[in-house]
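Structural overview for review
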Amino acid sequence: RGEHENIVAALQWLTETGRVEPALVIASELVEYWIHWGYLREARGWMERLLGLAESRGCAVPAAGFVGAARLAWLQNDYAAAVRLYEAGLVAHQSAGNEKQVSVVLNNLGTVAHLQNDYAKATEYYERGREAAGKVGHVYGVAMPLTNLGIIAMQQGDYPRAARLLDQGLQLWRDLANEKYLAVTLGNRGSLAFRMGRYDEAAVLHEEALSRKRQVGDRLAAAYSAGDLARTEIERGNLDQAQTLLVEALGFF
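Computed from a predicted structure; not experimentally measured.

1. Here's the deal with the pattern of salt bridges
Taken as a whole and assessed by the stated rule, the structure comprises 14 salt bridges. For Glu48, the salt bridge is made with Arg44, and the minimal N-O distance between the two is 3.1 Å. One end of the pair is Glu48 and the other is Arg44, both in helix H4 (residues 40-57) and four residues apart, which spans about a single turn. On the basis of relative accessible area, Glu48 is assigned to the partly exposed category, the value being 48%. A relative accessible area of 12% places Arg44 in the buried class. The closest approach of N and O atoms between Glu208 and Arg212, which form a salt bridge, is 2.9 Å. Here Glu208 and its partner Arg212 are both found in helix H12 (residues 199-216), four residues apart, which amounts to about one turn of the helix. On the basis of relative accessibility, which here comes to 26%, the residue Glu208 falls in the partly exposed class. On the accessibility criterion, Arg212 (18% relative accessible area) is buried. Several salt bridges converge on common partners, so that one network encompasses Asp167, Arg189, Arg198 and Glu201.

2. Quick look at unusual backbone geometry
Look at Asn77: it is not a glycine, yet its phi comes out positive at around 65°. Along the chain, Asn77 turns up in the loop between helix H5 (63-75) and helix H6 (79-96). Residue Asn77 is classed as exposed on the basis of its relative accessible area of 53%.

3. Quick notes on a nonpolar patch on the surface
A cluster of nonpolar residues, Leu220, Tyr224 and Phe253, forms a patch on the protein surface that exposes about 360 Å² of accessible area. Relative to the helices and strands, Leu220 is located in helix H13 (residues 219-235).

4. With respect to H12
Across its 18 residues, H12 extends 26 Å between first and last C-alpha, which sits within 8% of the 26 Å expected from 1.5 Å per residue. What H12 keeps buried is the set Ala202, Ala203, Leu205, His206, Ala209, Leu210, Arg212 and Lys213. Buried residues belonging to H12 abut helix H10 (159-176), helix H11 (179-195), H13 and helix H14 (239-252).

5. A closer look at the packing of H12 against H13
Interaxial distance between H12 and H13 falls to 9 Å at its minimum, and their mutual angle equals 160°. One element, H12, and the other, H13, form an angle in the roughly antiparallel class. For the element pair H12 and H13, the recorded crossing hand is left-handed. On the side of H12, the interface is formed by Tyr199, Ala202, Ala203, His206, Glu207, Ala209, Leu210 and Lys213, while H13 contributes Ala221, Ala222, Ser225, Ala226, Asp228, Leu229, Thr232, Glu233 and Glu235.

6. Looking at the packing of H13 against H14
In the contact formed by H13 and H14, the axes pass within 8 Å of each other and the chain directions differ by 160°. Put simply, H13 runs roughly antiparallel to H14. In the packing of H13 onto H14, the handedness of the crossing is left-handed. Where H13 approaches H14, its residues Arg219, Ala222, Ala223, Ala226, Gly227, Leu229, Ala230, Glu233 and Ile234 are matched on the opposing element by Leu239, Gln241, Ala242, Leu245, Leu246, Glu248, Ala249 and Phe252.

Conventions used here
- The residue numbering used here restarts from 1 in each chain and proceeds along that chain's sequence as written.
- Under the rules for a predicted model, residues below a pLDDT of 70 receive no local features and side-chain atom pairs below 80 are neither given nor counted, while totals for whole chains, interfaces and linings still include all residues.
- Side-chain metrics rest on all non-hydrogen atoms present in the structure, leaving aside hydrogens and water.
- Throughout this description, the term salt bridge denotes a Lys or Arg side-chain nitrogen within 4 Å of a carboxyl oxygen of Asp or Glu.
- A helix here means a DSSP run of H or I that spans at least four residues, while a strand means a run of E at least two residues long, and both kinds are numbered starting from the N terminus.
- To sort residues, take the accessible area from a 1.4 Å probe on protein chains only and compare it with the maximum for the residue type: under 20% means buried, over 50% means exposed, and anything in between is partly exposed.
- Each patch groups residues whose relative accessible area exceeds 30% and which form no salt bridge, using 9 Å between like charges and 5 Å between nonpolar side chains of Val, Leu, Ile, Met, Phe, Trp and Tyr.
- Where accessible areas are quoted, they stem from the Shrake-Rupley method and a 1.4 Å probe; at the residue level, only the protein chains shown are allowed to cover.
- Expected span of a helix, by definition, is 1.5 Å for each gap between consecutive residues, and there is one gap fewer than residues.
- In what follows, a contact means two residues having at least one pair of non-hydrogen atoms within 4.5 Å.
- Interaxial angles span 0 to 180 degrees and are taken between N-to-C directions of axes, which are lines fitted to C-alpha atoms, for helices over the stretch in contact.
- Just so you know how the angles are binned, under 35 degrees is roughly parallel, over 145 roughly antiparallel, 65 to 115 roughly perpendicular, and the rest oblique.
- Handedness of each helix crossing follows the sense of rotation of the near helix against the far helix: counterclockwise by less than a right angle gives left-handed, clockwise gives right-handed.

Written out as structure tokens, the structure reads:
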């Protein structure tokens with residue numbers, strides 16, 4: 001975070017001197033950094049500016065440029081822009097024969113549809129993503145849509161299917177030692193237990209999810225888990241603990 005001013009200065013210099021392509025490559029690589037530290041508006045401004053310059057000058061745009069810009073649009077709830085950019089990224093990855101990233105982008109398109117409650121379209125994208133990942137042995141690309149299909153099943157009230165899919169996803173994330181998505185999936189499994197009225201089980205799952213999110217430094221995800229655990233503690237009658245958690249979540253947000 002201490003290098004933020006230097007990063008901005010570098011992007012400004014590259015842009016002002018006409019070096020759009022390297023600026024776009026660097027900006028694309030910085031998307032997760034910007035998201036982690038909360039620079040969403042600034043990041044999206046850079047990506048839109050650089051993509052516009054690349055288009056006007058006929059410069060090559062890396063697939064990561066489209067995908068990174070799409071992710072920023074998605075996080076700002078601009079779903080139409082996110083779909084347009086993800087589709088451009090999908091075409092770029094398909095042209096390059098990058099099946100691993102094809103599966104990831106398909107999953108992301110599913111998530112954008114999912115966020116708009118279009119379960120049919122989301123399911124179609126998730127299944128396509130899982131199939132594409134399976135063909136090339138991309139475990140991450142299988143685990144992500146598998147987990148998301150579990151969430152859809154939960155939201156549609158099919159709790160046995162949701163539990164089965166989420167548990168499969170949990171095992172894959174453990175196999176991959178992917179702490180970030182293991183924590184996220186633990187939270188989803190906790191939400192399923194909560195919906196089923198299994199509050200003690202939900203508390204254990206949400207506590208583990210919150211602990212892991214704190215460890216990896218994902219403040220936004222930790223805020224959601226703190227809120228989920230607080231709701232669970234309310235149901236268990238632990239109101240003081242719930243209040244502490246809600247204050248923590250509020251501070252994060």
